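# Coordinate inspection notes
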Amino acid sequence: MSLKVPKPNNIQLFKDGYKHLQGLEDAVLRNIQAVAELSDLVRTSFGPNGRNKLVINHLGRLFVTSDAATIIREVEVVHPAAKLLVMASQAQESEMGDATNMVIIFAGELLKKAEHLLVMGLHASEVIQGYELARAKALSELESLSTSSLPSPFTLSTLAEALKPAIASKQYGFEDMLSKLVAEAALAVMPSNPKNFNVDNVRVVKIMGSSLSASRVVQGMVFGREPEGELKRVTKAKVAVFTCPIDITQTETKGTVLIKNADEMLNFTRDEEKHLEKIFREIADSGVKVIIAGSSVGELAMHFLNRLNIAVLKVLSKFDLRRLCRVVNATPLARIGAPTPEEAGFVDVFETTEIGGDRVTVLRQLVPGESGYDSKSEKTKTATIVLRGATANRLDDLERAVDDGVNVIKALLKDPRLVPGAGATELELAKRVDTYGSGLRGLAQHAVKRYATALEVIPRTLAENALGGAEGNEVLSRLWAKHEQKGGEAWGVDVEAEQDGTLLATEQGILDSLAAKSWALKLATEAAVSVLSVDSIIMSKPAGGPKVPQQAGNWDEDD
């Protein structure tokens with residue numbers, strides 16, 4: 001019989017203040033619990049009937065949104081395992097711009113299902129192996145579920161139809177209007193090779209007042225400020241863009257000027273004025289009618305520019321200045337002086353218009369149908385969607401829906417294949433993965449089957465958010481029955497519950513991007529596997545430094 005040697009208790013491996021959690025109870029199940037909390041947080045915001053969250057970030061800024069990417073970004077998640085999920089959803093946001101919520105909900109559900117298996121005695125490596133087999137199967141089956149693809153060449157109606165499901169999940173009831181605006185803006189800037197479409201070319205300007213129906217698309221750029229000078233409208237104008245201050249240049253070294261009498265004093269200032277006038281006359285002689293200033297504009301400079309009938313617009317954001325250079329085809333200049341023909345840009349219309357109570361400046365190219373339009377002239381490189389709404393939060397939410405729509409276009413241009421939406425694809429994948437799991441041997445089959453039941457979470461959440469928990473279960477049972485029939489792959493959740501809570505997604509035009517679904521499945525499984533493969537957490541003591549001042553009392557109290 002072997003002798004058990006007692007272990008000393010005072011072995012110190014880490015510095016004071018370290019936290020070390022290991023084992024199933026302390027590390028794995030705790031991680032799963034944290035991830036489940038996060039997934040439950042955004043789960044109620046999923047789908048067209050998702051509820052809004054009111055989030056106040058660390059700077060006190062208020063967000064009212066159901067967009068998972070924004071909620072996750074503004075809620076500072078500190079738990080290390082939950083952070084892995086946040087990273088996966090951010091990867092989905094940067095890759096596809098859509099289905100971020102699906103990543104979090106699905107990964108959370110995978111881990112909840114894995115918890116039962118781990119408690120029953122399966123090893124984490126067997127669960128991981130099963131999940132990876134199931135993912136490979138789900139991705140290969142997903143390829144075969146594509147029912148249609150975006151027709152080429154693109155038209156306003158086909159693009160708007162493809163955008164509707166993505167926009168409806170953010171702004172249910174306004175999807176028709178928003179998808180038309182986004183499709184119109186995207187078509188205006190669509191390059192000859194659609195794969196080179198740049199999402200940055202569709203801009204959004206938010207102007208308070210009126211309602212969404214007053215929103216429109218401007219082919220060009222819109223700035224929420226008036227020009228600096230007296231000139232408010234110029235047509236067919238040469239444009240010069242300066243990044244330096246438009247004023248008398250200050251010397252780097254200090255100098256002293258000795259003035260002996262009044263004449264010298266007058267001559268000194270007059271020389272300065274003459275020098276400045278000479279510069280602006282050169283600019284005017286080169287044919288420039290519009291100057292875009294990236295910095296301040298001096299009073300004396302403004303006086304000469306008004307005399308020479310040159311319009312001046314201040315654009316203080318360097319990103320907007322860069323975009324504007326792309327629109328007018330100009331080179332930004334770091335010195336005051338007449339631009340060469342290559343450096344100067346050109347704009348058809350520079351005008352100030354009033355939208356609501358705000359005066360805005362528009363730089364745009366002429367559109368077909370306007371007098372003076374030349375079909376040989378260059379197509380506009382930027383389109384701006386002018387959004388109207390009653391509150392700033394509403395406008396922010398509309399902007400997020402527009403961003404999602406533009407990203408969906410980008411994804412569809414890379415891969416135009418579409419799969420049935422409304423939870424139909426996920427349920428069909430669940431059915432096929434479950435069948436695949438039944439034919440496997442070994443312990444991995446349990447994990448494959450759990451993966452299949454986890455896929456059910458998407459249609460279930462859609463139904464629960466729209467119709468309530470009890471009705472959601474019934475709808476899911478009806479969907480299973482319809483998917484068991486031949487040719488029932490496209491049956492999904494009817495959030496309006498016009499009949500029995502189910503509908504044919506293909507008939508109703510509810511179609512999702514295959515690429516977005518594929519990425520969501522990959523990233524969610526990877527995040528879940530990363531969390532499962534952790535067996536201990538080692539946290540060092542946080543670095544010292546000033547503590548963040550805590551807010552006194554509850555921010556919502558009246559007193």
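Worth saying up front: this structure is predicted, and the values here are computed from it rather than measured. (Residues numbered from 1 in each chain as written. Predicted model: local features only at pLDDT ≥ 70, side-chain atom pairs only at ≥ 80, totals over all residues. Heavy atoms only, no water.)

### Points about the packing of aromatic side chains
Throughout the structure, instances matching the rule amount to two aromatic pairs. Note on F106 and Y451: the rings are 5.4 Å apart at their centroids and 85 degrees apart in plane angle, and the pair reads as edge-to-face. Of this pair, F106 sits in helix α4 (residues 100-120) while Y451 sits in helix α13 (residues 444-455), and the two are 345 residues apart along the sequence. For F106, a relative accessible area of 1% puts it in the buried group. (Phe/Tyr/Trp six-rings, centres within 6.5 Å; stacked < 30°, edge-to-face > 60°. Helix = DSSP H or I, 4+ residues; strand = E, 2+ residues; numbered from the N terminus. Buried < 20%, exposed > 50% of the residue type's maximum accessible area, 1.4 Å probe, protein only.)

### Things to note about the environment of R216
Take R216: it is sitting in strand β6 (residues 216-218). In this view, R216 contacts L181, I355, T384, I385 and V386; residues no more than four positions away in its chain are not counted. (Contact = heavy atoms within 4.5 Å.)

### As for the pairing of strand β9 (residues 288-293)
For β9, a buried count of five out of six residues is recorded, marking the element as mostly surrounded by other parts of the structure. In this structure, strand β8 (residues 233-242) lies alongside β9, joined through five bridges in parallel fashion. For K238, the partnering residue across the bridge sits in β9 and is V288. Looking at chain direction, β9 and strand β10 (residues 311-314) are connected through four bridges and run parallel. (Pairing = 2+ DSSP bridges.)

### Here's the deal with the pattern of salt bridges
A full pass over the atoms with the stated rule returns 22 salt bridges. A salt bridge links E526 to R135, with the nearest nitrogen and oxygen atoms 3.8 Å apart. Of this pair, E526 sits in helix α17 (residues 514-532) while R135 is found in helix α5 (residues 124-144), placing the two residues 391 residues apart along the sequence. Looking at R135, the relative accessible area reads 18%, which means it is buried. Because the salt bridges share partners, they merge into one network encompassing D40, R43, E109, K112, K113 and E464. (Salt bridge = Lys/Arg side-chain N within 4 Å of Asp/Glu carboxyl O.)

### Looking at the packing of α4 against α13
At a closest axis distance of 9 Å, the pairing of α4 and α13 adopts a crossing angle of 140 degrees. If you check the angle between α4 and α13, you find them oblique. The interaxial crossing formed by α4 with α13 has right-handed handedness. Across the interface between the two elements, F106, E109, L110, K113, H116 and L117 of α4 pack against H446, A447, R450, Y451, T453, A454 and L455 of α13. Across the contact of α4 with α13, the residue classes break down as seven nonpolar, three polar and three charged. (Axes fitted to C-alpha atoms, helices over the stretch in contact; angles between N-to-C directions. Parallel < 35°, antiparallel > 145°, perpendicular 65-115°, else oblique. Left-handed = near helix turned anticlockwise from the far one by under 90°. Nonpolar A, V, L, I, M, F, W, Y, C, P; charged D, E, K, R; others polar.)

### Brief notes about helix α10 (residues 318-328)
What α10 keeps buried is the set L321, R323, L324, C325, V327 and V328. N329, located one to two residues past α10, shows a positive phi value of around 65 degrees.

### Concerning the pairing of strand β15 (residues 417-420)
A regular strand places its side chains on the two faces of the sheet in alternate fashion. Here two bridges tie strand β4 (residues 148-149) to β15, and the two strands are oriented antiparallel to one another. Counted as the bridge partner of S148 is L418 from β15. Inspection of the sheet shows β15 paired to strand β18 (residues 511-513) by three bridges, in the antiparallel sense. Following the sheet pairing, P420 is matched in β18 by L511.

Take it as geometry only, folks, not as evidence of what the structure does.
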